[in-house]
Amino acid sequence: MTCPVLTRVIGGIRGCIRCRWSFWLLLFIFLFPLILGETSAQGDHNLQTGTDGTSINSNHTKRSFPVLHLRYKYVQLPFEISLWILLASLMKLGFHLLPGLSSVVPESCLLIVVGLLVGGLIKVGGDKPPMLDSELFFLCLLPPIILDAGYFLPIRPFTENIGTILMFAVVGTLWNVFFIGGMLYGLAQLDASRLGGLDLLACLIFSSIVSAVDPVAVLAVFEEIKINELLHVLVFGESLLNDAVTVVLYHLFEEYVGMTSVSALDVFLAVICFLVVSLGGVLVGTTYGILAALTSRFTATLRVIEPLFVFVYSYMAYLSAEVFNLSGIMSLIACGVVMRPYVEANISHKSFITIKYFLKMWSSVSETLIFIFLGVSTVVGPHSWNLTFVTISVVLCLISRVLGVIGLTYIINKFRVVKLTATDQFILAFGGLRGAIAFSLGYLLKQEHFPMKNMFLTSIIVIIFFTVFVQGITIRPLVDLLAVKRKQESKQSINEEIHTQVMGNLLAGIDSVCGCYGHHHWKYKLCRFNKRYVKRCLIVEERSREPQLLAFYNKMELRQAIEMMETGGETKQLPAVPSTESLQSPASEQTGVPQISRELEAEIRRIVRGNLKKTGQKLYPYRRPTLVGNPFEDDFQDQLREKQRAKVGRRMSAFLTDQDFPSRTIARISVVPQAHSSRPTIPATQKD
Amino acid sequence: MGAFQSAPGEHEFQDLADKTGFSLEQIGNLQNRFKQLSHNEDTLRREDFNTIPDLACNPIRAQIVEAFFDKRNYRQGDAGTVREIGFEEFVTVMSHFRPPELNMTDERREAFRREKLRFLFNMHDTDNDGTITLEEYRHVVEELLSRCGTMEKEAKAISDSAMLEVASINMGHMEPDEFYAGITFEHFLQILKDLEIESTMHVRFANAAPMTCRK
């Protein structure tokens, strides 16, 4: 019995929900508790003591049973954290619903603005908004982003350009630090600049905080503009590897607070420290990576916790490196890079998808939270605004970055085979974004050692804002203007894989003919070592001997099969693929394949048609993926073979009967090695 | 020794340098290597390549060695194979692996690319009929997988799949009774257009005399 009024109301609600503005309504509904939550924390506390007081005094008098009881304090912390995460995610969603906005302004800028607004609202509400706590940042927010970056790092371009990346990361950062620090100190000496009170150490520690390119900001901006792989890997690799330099310099200058002179021994120790920090971090990461790979070898019976091992081992790598003040970022990257090829060979497809999605999800949430908190922390302060210092530091940052890139490229191009062009250099200089790491490091400075900490913080925030806003917004039109090569979107095809392998072997061969130890020679030797010893230990027995080409082929088949099932089978109109029969040139047909007689051909046609009717009945009604078979079942390979058998049947019929069967648009998957064992062998088209 | 000039003049090298694009030092180094491989004779034979230990474990060893003796790679428009090669042919084949120059015009870059791809194509097209047939492609894949035992079935499957892909990219819609005879050079260019051959297919030729040169 449908009531007309009710249906109209429901229709109205449904219409509202479909409307976009209902989303914003939802957002504001959640925003208010956040603001209220901050302020009510105080009130609730009073309420609590009040009731405690009265209950102690009046434990004889009977009070009515409380039906509804407010105890916010109990859930305060998790509640607020969840609310923040929810707000961050809704904001992110909101930007994508707003048409056109996300294509002009990078997300990071919008999130900072949101943070500013929220911080402002909380302050207006009369309470102190939460600061970006450095501990929270370094231990909880940063690792997911770095792990995501490290796990999915494109290895080939990274290792090919490792020399360039290291040059930029180490030498480039050192240049930045000493240039900015030195210039600041020099300018501070001039009375006219009103910067008095800055000693050399303070300048140097400020510049060491502010020189490092930030991976979070680079990822956030560069991910959206999709430039070519080389530039992306150069900027991004630099931002990851300069962490070691930053860590060493920061701790070095912090240690030397109060000391007036720096001896040569100290400098020497600093260099040793740098080597220990970076190589130690890599070693710790590699160890954990190998452990994770080894563990994944035995998880065949308990697939559900495979992703957990990946995450926990990586996090432990990060924390272990942090224990010894080694570079946690490099440890995490090393762990992800080492672990990945072996773990991926061992784990099931489901686990692989889980790991991918969880990493992407966590890193996305982390990034959003970081930018929002950056905005909120700006509102909180404390600020000490010094116009000269701020402008000088911004200008110096820019100048040192540009000079550094130009100088280093000049040197590097002497050793590179594929030189970096002027456009490349421009993008590299432009990609020197600073971010939340600089802010957190600045926040960690001790006030008593550095009385001008607030001035530093203000300046760091201005630099971050400048790089993220100005450079982030302008980089997109500039990339279009300069016609920088963009990323190829297509996945690697089987042909490209074959020829890449051919090329690798060819170049290694030519290297050996030439007689000199080249880049290809070492790569080749590493591959052989990997295949012979490492893979045996770390990969499950039957898969360790599988050659890379075969593994690639199997993965590609799996992917295509899943795609086919997701599109519901035959709905995609692909060009009709010629059967493999047509690939055989006439010459090869005569070599070993016997001719089939007319009667045999007719018999074959009859049988195939009959079977097709049977398989047709099995497959066509079951278009929806759930009923055909779950691609994420671990016994998917068997189901795949069943389908391929049916496909071969269809294809053979298309060839044999010409117009009898409409040309089926089958996905571009090739033949199946197996045969129908119960049917007579069909020599011309059957593969054994 | 023998008929080969033991100290060819600068003029000889200059000619070679202009033709192939190497610098004089690089040609000098290559000559040393040539002498080493050929045991100081003037020509290299196929057996001389067997003395290189690192080449022995390369899966496509046979094809690499054949490429040196293939007349199509000498840039003279001939075809066929020879039994022994001189220094000039050695350098000409090596010149296919030069790195790209810094400021190349677009058409020069394209010609450079075609040259390298032509070398790759010649390596696969062993019977010199202008197309890579299914059999030849199968042979390539088998060689790549040869290190891991005989994998005939899988090699067939992979090469068939690859061939189908080439056919579908280049030929689009085909009638069921049409043949796809083989990959022509143009189709080959088409399927490898994303690999950026001109910047990846090169070997670093030392300018100075290499300190650690292996036998």
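These numbers come from a predicted model, not from an experiment. (Residues numbered from 1 in each chain as written. Chains lettered and ligands numbered in written order. Predicted model: local features only at pLDDT ≥ 70, side-chain atom pairs only at ≥ 80, totals over all residues. Heavy atoms only, no water.)

**Some details on the overall build of chain A**
The helix and strand inventory of chain A stands at 27 helices and zero strands. When the 688 residues of chain A are sorted by exposure, 49% land in the buried category. A separation threshold of at least 6 residues defines the contact pool for chain A, and within that pool the share at least 24 residues apart is 83%. Accessible area for chain A stands at about 34,500 Å²; split by element, carbon and sulfur atoms hold 66% of it. (Helix = DSSP H or I, 4+ residues; strand = E, 2+ residues; numbered from the N terminus. Buried < 20%, exposed > 50% of the residue type's maximum accessible area, 1.4 Å probe, protein only. Contact = heavy atoms within 4.5 Å. Areas by Shrake-Rupley, 256 points an atom, 1.4 Å probe, with all protein chains shown as cover.)

**Describing the overall build of chain B**
Within chain B, the secondary structure is distributed over 10 helices and four strands. The buried share of chain B, taken over its 215 residues, is 49%. Of the contacts formed within chain B by residues at least 6 apart in sequence, a portion of 56% connects residues at least 24 apart. When the accessible surface of chain B is summed, it comes to about 10,100 Å², and 49% of that surface belongs to carbon and sulfur atoms.

**Focus on the domain arrangement of chain B**
All names here are of chain B. By the assigned domains, chain B splits into domain 1 (10-97) and domain 2 (106-191). Centre-to-centre separation of domain 1 and domain 2, based on C-alpha positions: 25 Å. Counting residues at the interface gives 13 residues for domain 1 and 14 residues for domain 2. Both sides of the domain 1 and domain 2 interface together cover about 1,400 Å² of buried area, and 52% of this is carbon and sulfur. Ranking the residues of domain 1 by area buried against domain 2 places Q63, R72 and H96 at the top, with a combined share of 47%. The interface formed by domain 1 and domain 2 includes one residue pair in polar contact (both at pLDDT 80 or more). Looking at the side of domain 1 that touches domain 2, its residues break down into seven nonpolar, three polar and three charged. (Domains from an automatic or database assignment. Buried area = accessible area lost by both parts, 1.4 Å probe. Polar contact = N/O pair within 3.5 Å; in protein donor to acceptor, adjacent residues only side chain to side chain. Nonpolar A, V, L, I, M, F, W, Y, C, P; charged D, E, K, R; others polar.)

**What to know about the nonpolar core**
In this structure, W84, F137, L142, L198 and F456 of chain A are the most contacted members of the largest nonpolar core, which totals 137 residues. Sort the elements by how many residues they give to this core and helix 11 (residues 229-255) of chain A lands first, with 15 residues. When neighbours within four sequence positions are excluded, L142 of chain A is seen to be in contact with F137, V216, Y318, I329 and I437 of chain A. L44, L55, V141 and M151 of chain B belong to the second largest nonpolar core, which has 71 residues in total. (Core = buried A, V, L, I, M, F, W, Y, C linked by side-chain atoms within 4.5 Å.)

**Overview of the UniProt feature "domain: EF-hand" (unreviewed entry) in chain B**
Residues given the UniProt feature "domain: EF-hand" (unreviewed entry) here are residues 112-147 of chain B. Here residues 112-147 of chain B runs as 67% helix and 6% strand, with 32 Å between its end C-alpha atoms. (UniProt positions renumbered as here; feature names shortened; annotations may be inferred.)

**Observations regarding the side chain of N58 of chain B**
Here N58 of chain B lies in the loop between helix 3 (53-56) and helix 4 (61-68). Among the polar contacts listed, one links the side chain of N58 of chain B to the backbone oxygen of N505 of chain A, at a separation of 2.9 Å. When near neighbours in sequence (up to four residues on either side) are disregarded, N58 of chain B contacts N505, A508, G509 and Y524 of chain A together with I64 of chain B.

**Describing a positive patch on the surface**
Taken together, K531, R532 and R536 of chain A together with R147 of chain B make up a surface patch of like positive charges. With respect to the element layout, R147 of chain B can be found in the loop between helix 7 (134-144) and helix 8 (152-171). The partly exposed category is assigned to R147 of chain B, whose relative accessible area is 46%. (Patch = residues over 30% accessible without salt bridge, like charges linked within 9 Å, V, L, I, M, F, W, Y side chains within 5 Å. Salt bridge = Lys/Arg side-chain N within 4 Å of Asp/Glu carboxyl O. Lys, Arg positive; Asp, Glu negative; His and termini not counted. Charge placed at Lys NZ, Arg CZ, Asp CG, Glu CD.)

**Notes on the confidence of the model for chain B**
Residues and elements named next belong to chain B. Overall, the predicted model of chain B reaches an average pLDDT of 75, with 84% of residues at or above 70. This stretch, residues 1-6, has a pLDDT under 50; its non-local contacts, to residues over four places away or in other chains, come to seven contacts. Segment residues 209-215 is flagged for pLDDT under 50; beyond a separation of four residues in sequence, or across chains, it makes 22 contacts in the model. Across the assembled chains, the prediction reports ipTM 0.87 with pTM 0.73. (pLDDT = per-residue confidence, 0-100.)

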